[in-house]
Amino acid sequence: MEAFLKKHRWTILAAGAAIQILTGVPAAWGVFQQPVRAEYGFDEAAASFVLSLLIGAYGLGCVLGGLLQDKAGPRAAGLAGTALLAGGFFAVGFLPAGRPWLFYLAFSAPVGLGSAFLYPAVMGCAQKWYADKKGLATGVIGGAVGFSGAALSFFVGRVSGAFGIRVCFWALGGLLAAVCGLGAALLQDPAAPAAPAPQSPAGRDLPPGQMVKTRQYRLLFLVTALATPAVLLFSPVILELGQERGLSESAARLSVVIGSVGSAAGRLAMPALSDKIGRRAVDLALFAGLAGLSVAFAFAGGWWVVAVYTALTFCYSGEAAVLPSFCSDLFGLKHAGVNYGFLALGMSAGSIGFPLAARALGLEAGRHWLAAGAAAAGFLLLLALGRAEKNGVTPAKNGKNRPG
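Quick caveat: nothing in here was measured; it's all calculated off a predicted structure. (Residues numbered from 1 in each chain as written. Predicted model: local features only at pLDDT ≥ 70, side-chain atom pairs only at ≥ 80, totals over all residues. Heavy atoms only, no water.)

What follows deals with empty space enclosed by the protein. A full pass over the atoms with the stated rule returns two cavities of 30 Å³ or more. Within this model, the second largest cavity holds a volume of roughly 60 Å³. Considering the residues around the second largest cavity, the lining is formed by Pro120, Met123, Gly124, Gln127, Pro324, Cys327, Ser328, Ala336, Gly337 and Tyr340. Going through the elements one at a time, helix 6 (100–129), helix 15 (303–331) and helix 16 (336–360) are the ones with two or more residues in the lining of the second largest cavity. When the residues that make up the lining of the second largest cavity are grouped by side-chain class, the tally is six nonpolar, four polar and no charged. (1 Å grid on protein atoms, 1.4 Å probe; cavity = no way out; pocket = protein on both sides within 12 Å on 5 of 7 lines; lining within 4 Å. Points joined across faces, edges and corners; volume = space filled by probe spheres on them. Helix = DSSP H or I, 4+ residues; strand = E, 2+ residues; numbered from the N terminus. Nonpolar A, V, L, I, M, F, W, Y, C, P; charged D, E, K, R; others polar.)

This is the structure we're talking about:
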């Protein structure tokens, strides 16, 4: 297998893209939410929290999947993720209505964990085969994640409209088992990097135990958390929000698809740009965009809702797609999967913490200002990260970072 992959390393990208184009449930949850509410009898808060807990499980799964990947390889992690992901879709079709906690256990937890097992397995493997072009590798696979929202929106709209959401869940479970299972079976790390990779600023590969003690990790963790509210406070309710602000139901549904195109464009373009001008420079521009667009979104009406939401998904997804390369630049490739998982815990913290904060504070229109403030704080932390990078990435000693 390795001899074949050395000759055709594009196979890894193709397998990764095929897997990821079916796993973008968060990007498409706005289309799932209405039929789920109708079928299972959930109110808006309970249905929206399905997504928050799914992303929370995703962060934890990135750590567990990264550890499995480091010990047993990307194929084992990918196959385990496929089983969890497909199992969650199959199981939820049998659940009784009116029990959201059961839905969280049967769907949010395994689907979040399964998606997380697959993403670091695919991304870590691709970065090792394309160590000389990490931005290209993450861009191709990230682009598939972005298009996943459009693909799932089309699939869910057609199948649930004709046969109901339960049949749609079962059909997706079967499709995921076949496509993700085959793609995961192709994953294999190279015996040695296919091309030399630049050294991390630390001059070595940091294991997670050392990485989490660095100032750079703490800053990047917070940055990752602060990116989430600009999109995740709104994606579950984008259909209702669009209609409240003057869009027809069909136009509001189109916003999900166009938003997915924006997401795909951000995931394709931003990692490649970061190869040329640097990860932090790209992220600074994206966080500035998230802050400004979050303010604009508060006043958007009609088709401007679609335009601003699409721009937000571009910036958010671009930032998420740059993160794996940013992580391996700072901390090395050897433990890329599990190290990325520990950073993805920031995504979990933000995806659960910000919706709970918005609900506790009674913020409805104020969600826009919460998102704008979080993005501005992320921008400032990226500036601090730049100063920290100049000192080199050095593990903390006795709780304090030593200058490099």
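Next, the rest of the story.
Moving on to the packing of helix 4 (residues 44–72) against helix 6. For the pair helix 4 and helix 6, interaxial distance at closest approach is 6 Å and the crossing angle is 40°. With respect to helix 6, the element helix 4 is oriented oblique. When you trace helix 4 past helix 6, the crossing you get is right-handed. Looking at the contact of helix 4 with helix 6, its residues break down into 24 nonpolar, seven polar and one charged. (Axes fitted to C-alpha atoms, helices over the stretch in contact; angles between N-to-C directions. Parallel < 35°, antiparallel > 145°, perpendicular 65-115°, else oblique. Left-handed = near helix turned anticlockwise from the far one by under 90°.)

This part covers the environment of Phe42. Mapping Phe42 onto the fold places it in the loop between helix 3 (25–40) and helix 4. Linking Phe42 and Gly98, residues 56 residues apart in sequence, is a C-alpha distance of 6.4 Å. Leave out the neighbours within four places in its chain, and Phe42 touches Val36, Arg37, Ala47, Gly98, Arg99, Pro100 and Phe103. (Contact = heavy atoms within 4.5 Å.)

Bringing the confidence of the model for the protein chain into the picture now. When pLDDT is averaged along the protein chain, the result is 82; 89% of the residues meet or exceed 70. Taken together, the stretch residues 199–203 has pLDDT below 50 and engages in 10 contacts with residues farther than four places along the chain or on a different chain. Within the model, the stretch residues 394–404 combines pLDDT values under 50 with 20 contacts to residues more than four positions away or in other chains. (pLDDT = per-residue confidence, 0-100.)

Turning to the layout of surface pockets, a few remarks are in order. The calculated volume of the largest pocket comes to roughly 370 Å³. If you trace the largest pocket, you find 19 residues lining it, with Ser48, Leu233, Pro355, Arg359 and Arg367 closest to the centre. Only helix 4 and helix 16 provide two or more residues apiece to the lining of the largest pocket. If one sorts the elements of the lining of the largest pocket by residue count, helix 4 sits on top with seven residues. Looking at the lining of the largest pocket residue by residue, the class counts come to 11 nonpolar, four polar and four charged.

This part takes up the packing of helix 15 against helix 16. If you want to describe how two helices pack, look at the angle between their axes and the distance between the axes. The interhelical angle for the contact between helix 15 and helix 16, taken along N-to-C directions, is 140°, at an axis separation of 10 Å. For the pair helix 15 and helix 16, the sense of crossing is right-handed. Taken together, the residues of helix 16 that come into contact with helix 15 (itself represented by Tyr316, Leu323, Pro324, Cys327 and Phe331) are Asn339, Tyr340, Leu343 and Met347. Broken down by class, the residue content of the contact of helix 15 with helix 16 amounts to eight nonpolar, one polar and no charged.

Let us now look at the environment of Leu22. Relative to the elements of secondary structure, Leu22 occurs in the loop between helix 2 (10–20) and helix 3. For Leu22, a relative accessible area of 12% puts it in the buried group. C-alpha of Leu22 to C-alpha of Ala144: the two residues are 122 residues apart in sequence and 8.5 Å apart in space. Apart from the residues within four sequence positions on either side, Leu22 is in contact with Ser148, Leu152, Leu175, Leu176 and Val179. (Buried < 20%, exposed > 50% of the residue type's maximum accessible area, 1.4 Å probe, protein only.)

Here the structure, examined in full by the defined rule, presents four salt bridges. Between Glu240 and Arg37 there is a salt bridge, and its shortest N-O distance comes to 3.9 Å. In this pair, Glu240 is assigned in helix 12 (residues 238–244) and Arg37 in helix 3, connecting sequence segments 203 residues apart. Using a relative accessible area of 15% as the deciding quantity, one classes Glu240 as buried. In this structure, the salt-bridge partner of Arg279 is Asp275, at a minimum N-O distance of 2.8 Å. For Arg279, a relative accessible area of 10% corresponds to the buried category. The partly exposed category is assigned to Asp275, whose relative accessible area is 37%. Each of the salt bridges in this network shares a partner with another, and the network as a whole consists of Asp275, Arg279 and Asp329. (Salt bridge = Lys/Arg side-chain N within 4 Å of Asp/Glu carboxyl O.)

Turning to the packing of aromatic side chains, a few remarks are in order. Applying the stated rule across the entire model yields 15 aromatic pairs. Ring centres 5.5 Å apart and planes at 50° place the aromatic pair Phe107 and Phe169 in the tilted group. In this pair, Phe107 is assigned in helix 6 and Phe169 in helix 8 (residues 165–185), connecting sequence segments 62 residues apart. Ring geometry for Phe234 and Phe297: centres 5.3 Å apart, planes at 80°, overall edge-to-face. Placement of Phe234 in the loop between helix 11 (229–232) and helix 12 and of Phe297 in helix 14 (residues 279–299) is noted, with a sequence separation of 63 residues between them. We classify Phe297 as buried; its relative accessible area is 0%. Taken together, Phe32, Tyr40, Phe42, Phe89, Phe103, Phe107 and Phe169 form an aromatic cluster joined through their ring pairs. Positioned above the aromatic ring of Phe297 is the side chain of Arg245, whose terminal nitrogen or guanidinium carbon lies 5.6 Å from the ring centre. (Phe/Tyr/Trp six-rings, centres within 6.5 Å; stacked < 30°, edge-to-face > 60°. Lys NZ or Arg CZ within 6 Å of the ring centre and 35° of its normal.)

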